[in-house]
Amino acid sequence: MVDVADKLGYFQAITGLEDPDLCTEILQAHGWDLELAISSFTSSSDPSSSRVDGDHNREPFTEFEDAPSRAIEFDDGRAFRPPGIAWKIITLPVSIVSGSLGLASSAIGFGFWVAGGALSYSLGMLGFGSGRGGSETESSSSSAAGEAMEFIALFDRDYGRNPLKPGFVSEGFMDALQRSRSEFKLLFVYLHSPDHPDTPAFCERTLCNEGVVAFLNENFVTWGGSIRSSEGFKMSNSLKASRFPFCAVVMPAANHRIALLQQVEGPTTPEEMIAILQRVVEDSSTVLVTARVEAEERRTNLRLREEQDAAYRAALEADQARERQRQEDQERIEREAAEAERKRKEEEEARERAEREAAEREAARVRMRREKALALGDEPEKGPDVTQVLVRFPNGERKGRRFESNTKIQTLYDYVDSLGVLETEEYSLITNFPRTVYGRDKGSMSLKDAGLHPQASLFIEIN
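Residues numbered from 1 in each chain as written. Predicted model: local features only at pLDDT ≥ 70, side-chain atom pairs only at ≥ 80, totals over all residues. Heavy atoms only, no water.

Asks: Mind laying out the side chain of Asp 417, listing which residues take part and the relevant values?
Replies: With respect to the helices and strands, Asp 417 occurs in helix α11 (residues 409-419). The class of Asp 417 is buried, set by a relative accessible area of 7%. At 2.7 Å, the side chain of Asp 417 and the side chain of Lys 372 are in polar contact. Leaving out residues up to four positions away in the same chain, Asp 417 has contacts with Met 368, Arg 369, Lys 372, Tyr 427 and Arg 440. (Helix = DSSP H or I, 4+ residues; strand = E, 2+ residues; numbered from the N terminus. Buried < 20%, exposed > 50% of the residue type's maximum accessible area, 1.4 Å probe, protein only. Polar contact = N/O pair within 3.5 Å; in protein donor to acceptor, adjacent residues only side chain to side chain. Contact = heavy atoms within 4.5 Å.)

This is the structure:
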């Protein structure tokens, strides 16, 4: 069985890669399947790469058939034909993607201008797999931003004497890519090689040139990284940087990928850099304008949907409020109707009860009058022992009768009760001259003893 060292040596011999750590990562990403790793590596390489300018401007990929063919001519007679938009779609390593806040999976209008036959390849072997302790996947947004700030500090230290410098963003690559997406700009990438002999002149004369700085700051989001840093090194591998100074123009694509629009390698004059970048901006302006218009339409549509949703919620809440009010009114009406019905029944029951009690009282009075009338017996004839009694009622009515002189005063009360003229039994019999009250407490006295014989005129006084 071939051991790990043999596979590593064989892979280096076949691919020509000298970095053992990079080869180890690639093999680990493919489960140490040597044939699969070699096949993946060779399929992702483009053997037909060519140079239009032998010094610095690489055109390693074939243009799309519908890409513009207009060439750029420089003052020294050299011509550069930049490739059309979207040379190449590059899949970013997981270590780059996971080390940032992330990029939305949809690109800004990318599908409108990328040709269907765009050359795609994946560089996932630079970040997929567990690797050496998972160091690539442990980078965070803060560490990526820290590296970016360290690069800016290094750049300011070495070239700070020049007041004009590109506006490098102090954040990781993915966050810079997201910024370019949100600002509808392209992303200018500068990979800094501190030890390369061409770096100082390029930074001082080209990157810090007034025209270049103005053009970059107006049209691009600018990100820089040192190849000595983790993210800068990984981006140099992803972009296959072979010469320095190295610059590239990219824009976000779908699924954590980027579209490589332009790359410039080697020394470049300010005029050449501006011409190259101008061409890229012109070629991509339609895409960016379309993306901006579409984004505005999406925001407008979203705002309209939110307004419609708010209006719908308001109408729904109003309908619900009206329904609640209707139900409350209905419940109130039902409660009031139930209360009115209860009161009506109570009043009806009370009336029936009062009528029943009144009828019972009336029946009792009738029985009482009848009994008392029977108890009186027959009216005696006139005679010396017979007393004539006249009773005057409050309503002016008069009633008279003869009684035996020894009849008790209580019998006079029974007589008055038997007549049924009064509605009450709370009354007294009195005489006016002299005023004498013959109350029920004197009911045992006879008429003669009470001084009412041989005749008496009595008034009724209601107590």
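Asks: I'd like a description of helix α8 (residues 210-219), backed by residues and values.
Replies: Looking at α8, one finds that the buried residues are Val 212, Val 213, Phe 215, Leu 216 and Asn 219. Along the axis of α8, the buried positions cluster into a sector of 165 degrees, meaning they face one direction only. Structural note: α8 exposes Glu 210 and Glu 218 on the side pointing more than 90 degrees away from its buried face. On the buried face of α8, the contacting elements are β7 (186-192), α7 (199-207), β8 (220-226) and α10 (270-376). (Arc of directions from axis to C-beta.)

Asks: Which residues make up the pattern of salt bridges, and what values go with them?
Replies: Enumeration over the complete set of coordinates arrives at 23 salt bridges. A salt bridge links Arg 344 to Glu 348; its shortest N-O distance comes to 2.9 Å. Placement of the pair is Arg 344 and Glu 348 together in helix α10, with a separation of 4 residues, close to one helical turn. (Salt bridge = Lys/Arg side-chain N within 4 Å of Asp/Glu carboxyl O.)

Asks: So, the packing of α8 against α10: which residues are in play, and what are the values?
Replies: With their axes 9 Å apart at the nearest point, α8 and α10 run at an angle of 20 degrees to one another. It follows that α8 is roughly parallel to α10 by the angle criterion. Between α8 and α10 lies a crossing whose hand is left-handed. Here Gly 211, Val 212, Phe 215, Leu 216 and Asn 219 of α8 lie close against α10, whose contacting residues are Pro 270, Met 273, Ile 274, Leu 277, Gln 278 and Val 281. For the contact of α8 with α10, a count of residues per class yields 8 nonpolar, 3 polar and no charged. (Axes fitted to C-alpha atoms, helices over the stretch in contact; angles between N-to-C directions. Parallel < 35°, antiparallel > 145°, perpendicular 65-115°, else oblique. Left-handed = near helix turned anticlockwise from the far one by under 90°. Nonpolar A, V, L, I, M, F, W, Y, C, P; charged D, E, K, R; others polar.)

Asks: If you had to explain the sheet that holds strand β13 (residues 427-432) to someone new, which residues and values would you point to?
Replies: If you walk across this open sheet you meet the 5 strands as β12-β11-β15-β13-β14, and the pairing is mixed. Only two strands of the sheet have a single neighbouring strand rather than two, namely β12 (398-404) and β14 (435-438). Pairs of neighbouring strands in the sheet enclose a mean axial angle of 30 degrees, with direction left out of account. One ladder, built from 7 bridges, connects strand β11 (residues 386-392) with β12; its direction is antiparallel. Residue Val 389 lies in a different strand from β12, and its bridge partner there is Arg 401. (Pairing = 2+ DSSP bridges.)

Asks: How would you summarise unusual backbone geometry if you had to cite specific residues and measurements?
Replies: Only a minority of non-glycine residues have a phi that is not negative, and only a minority of peptide bonds are not trans. In this structure, the amide linkage connecting Phe 433 to the following residue, Pro 434, adopts the cis form with an omega of -15 degrees. That bond from His 453 to Pro 454 is cis: its omega, 15 degrees, falls within 30 degrees of zero. Within the secondary structure layout, Pro 454 lies in the loop between β14 and β15 (455-462). For Trp 32, which is not glycine, the phi torsion reads 60 degrees and is therefore positive. Note on placement: Trp 32 falls in the loop between α2 (20-29) and α3 (34-43). Under the relative-accessibility criterion, Trp 32 is labelled partly exposed at 21%.

Asks: Hey, could you go over the environment of Pro 384 for me, with residue numbers and the actual values?
Replies: Structurally, Pro 384 can be placed in the loop between α10 and β11. Judged by relative accessible area, Pro 384 falls into the exposed class, the value being 74%. Along the chain, Pro 384 and Glu 404 lie 20 residues apart, while their C-alpha atoms are 9.4 Å from each other.

Asks: Residues and numbers for the packing of α10 against α11, please.
Replies: Close contact between α10 and α11 brings their axes to 8 Å; oriented N to C, the two are set at 135 degrees. Classified by the angle between their axes, α10 and α11 sit oblique to one another. Seen from above, α10 lies across α11 with left-handed handedness. Contacts from Met 368, Arg 369, Lys 372, Ala 373 and Leu 376 in α10 reach Thr 411, Asp 414, Tyr 415, Asp 417, Ser 418 and Leu 419 in α11. Of the residues belonging to the contact of α10 with α11, the class tally is 5 nonpolar, 2 polar and 4 charged.

Asks: Talk me through the nonpolar core; I want residue IDs and the actual numbers.
Replies: Counting 30 residues, the largest nonpolar core has Phe 155, Phe 188, Tyr 190 and Phe 220 as its most contacted members. Within the residue set of this core, elements represented by two or more residues are α5 (141-159), β7, α7, α8, β9 (246-252), β10 (257-265) and α10. Per element, the largest residue contribution to this core is 7 residues, and it comes from α10. Among residues more than four places away in sequence, those in contact with Phe 155 are Gly 160, Lys 165, Pro 166, Phe 168, Tyr 190, Cys 203, Leu 207 and Cys 208. Residues Ile 96, Leu 177, Met 235 and Leu 239 belong to the second largest nonpolar core, which totals 22 residues. (Core = buried A, V, L, I, M, F, W, Y, C linked by side-chain atoms within 4.5 Å.)

Asks: Tell me about the pairing of β14, and name the residues and values.
Replies: Where a strand is regular, its side chains alternate between the two sheet faces. Relative to β14, β13 runs antiparallel, the two being bridged by 4 bridges. The partner of Leu 429 across the bridge, within β14, is Tyr 438. Counted along the chain from β13 to the antiparallel partner β14, the turn is 2 residues long.

Asks: Break down the confidence of the model for the chain for me, with residues and values.
Replies: Residues with a pLDDT of 70 or more make up 79% of the chain, whose mean pLDDT is 79. A low-confidence stretch, residues 45-86 (pLDDT under 50), is modelled with 106 contacts involving residues beyond four sequence positions or located in other chains. Throughout residues 100-139 the model reports pLDDT below 50, and contacts reaching past four residues in sequence, or to other chains, amount to 106 contacts. (pLDDT = per-residue confidence, 0-100.)

Asks: Break down the pairing of β7 for me, citing the residues and quoting the values.
Replies: β7 sits mainly inside the fold: 7 of its 7 residues count as buried. By the alternation rule, side chains of β7 split into Leu 186, Phe 188, Tyr 190 and His 192 and Leu 187, Val 189 and Leu 191, which are all buried. For β7 and β8, the ladder comprises 7 bridges, and the chain directions are parallel. Within the sheet, the bridge partner assigned to Leu 191 lies in β8 and is Gly 225. Looking at chain direction, β7 and β9 are connected through 5 bridges and run antiparallel. Residue pairing for β9: Tyr 190 is matched across the bridge by Cys 247.

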